[in-house]
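# Structure at a glance
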Amino acid sequence: MKDSICQLAPIFNSHRMVEDYAKIAYEPAIRNYNRLTMDDCQAAKDLAAWRMDMMTKWSNLDIRNVQGTEPDRIHVDDSVRVSADIYLNGIRPEDVEVQIYSGRLNYEGKFAQRETRVMQSAAATPDGWHRYEGEIQPTEAGRFGFTVRILPHHPLLLDSHSLGLIRWAQPA
């Protein structure tokens, strides 16, 4: 018992917990606050205008033609190329992050484990559609699935989920 306490006390203690919390939460928050408030809060004003633009245009985003390479068999660590057509409704490509959401599926066909990979814009059409491409690699044997989603992206936005905006590809 004493040996366990000696080994674990340096790892699991309130001092380390406060240090971790400061590094993970407080320091990024104060850096972001400083960036937002400099130059008479110009960055905060720009972020507010960007947020309003996202809120007004987000509901008309669309995802279509989600496709993956379809070899006869996919082995663990084989690459699967994924592509999708994205309609951004006037939103700049740099203001969104298009992701492949993939992972092992359970017996119901739902994600049991998942990971995300950022897709890159490969081409744009005059009518506002953008072709995005990316690559995933299954890391385990068994049922595997993927879909595509869009999240807002801004350098001053600490958490892409904080706006409550996300657009998922709809099943065909």
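Above this text you will find the structure in question.
What counts and how
- Residues numbered from 1 in each chain as written.
- Predicted model: local features only at pLDDT ≥ 70, side-chain atom pairs only at ≥ 80, totals over all residues.
- Heavy atoms only, no water.
- Helix = DSSP H or I, 4+ residues; strand = E, 2+ residues; numbered from the N terminus.
- Rg over C-alpha atoms; globule rule 2.2 N^0.38 Å.
- Buried < 20%, exposed > 50% of the residue type's maximum accessible area, 1.4 Å probe, protein only.
- Contact = heavy atoms within 4.5 Å.
- Areas by Shrake-Rupley, 256 points an atom, 1.4 Å probe, with all protein chains shown as cover.
- Pairing = 2+ DSSP bridges.
- Expected span 1.5 Å × (residues − 1).
- Bend = angle between axes of the 7 residues up to and from the residue.
- Axes fitted to C-alpha atoms, helices over the stretch in contact; angles between N-to-C directions.
- Polar contact = N/O pair within 3.5 Å; in protein donor to acceptor, adjacent residues only side chain to side chain.

## Quick look at the overall build of the protein
Of the regular secondary structure elements, the protein holds two helices and eight strands. Secondary structure elements of the protein, listed N to C terminal, follow the sequence α-α-β-β-β-β-β-β-β-β. The C-alpha radius of gyration of the protein comes to 21 Å, more than 25% above the 16 Å expected for a compact globule of 172 residues. Considering the protein as a whole, with its 172 residues, one finds that 28% of them fall into the buried category. In the protein, once contacts between residues fewer than 6 apart in sequence are set aside, the share between residues at least 24 apart is 63%. Looking at the protein as shown, the accessible area adds up to about 11,500 Å², and 53% of this sits on carbon and sulfur atoms.

## Examining unusual backbone geometry
Unusually for a residue other than glycine, D39 sits at a positive phi of about 55°. Classification of D39 by relative accessible area gives exposed; the value is 62%. Although it is not a glycine, N65 sits at a positive phi angle of roughly 55°. The residue N65 is located in strand β1 (residues 62–68) in this model.

## Concerning the sheet that holds strand β7 (residues 144–152)
Strand order in the open sheet made by the four strands is β4-β3-β7-β8, with antiparallel pairing throughout. The outermost strands of the open sheet, each flanked by one partner alone, are β4 (115–118) and β8 (167–168). The sheet contact formed by strand β3 (residues 96–104) and β7 spans nine bridges and is antiparallel. Residue G103 lies in a different strand from β7, and its bridge partner there is G145.

## Notes on helix α2 (residues 14–57)
Helix length check: α2 (44 residues) gives 45 Å between terminal C-alpha atoms against 64 Å at 1.5 Å per residue, more than 12% under. Of all the bends found along α2, the most pronounced is centred on D40 and spans about 125°. Within α2, burial applies to P28, N32, L36, A43, L47, W50 and M54. Elements that come into contact with the buried residues of α2 comprise β7.

## Focus on the environment of T139
One can find T139 in the loop between β6 (129–136) and β7. Assessed through its relative accessible area of 53%, T139 is described here as exposed. When the C-alpha positions of T139 and A9 are compared, they lie 35 Å apart, and in sequence the two are 130 residues distant.

## Some thoughts on the sheet that holds strand β2 (residues 80–87)
Spatially, the four strands line up as an open sheet ordered β1-β2-β6-β5, and their pairing is antiparallel. Unpaired on one side and paired on the other, β1 and β5 (120–124) mark the two borders of the sheet. Ignoring strand direction, the axes of neighbouring strands in this sheet form an average angle of 25°. Strand direction decides the pairing type here: β1 and β2, joined by five bridges, are antiparallel. Each residue of the ladder has a partner; that of D62, found in β2, is Y87.

## A word on the side chain of H154
Of note, H154 is situated in the loop between β7 and β8. Here L156 takes part through its backbone nitrogen, which lies 3.0 Å from a polar atom of the side chain of H154. Apart from residues lying up to four places away in sequence, H154 is in contact with L47 and W50.

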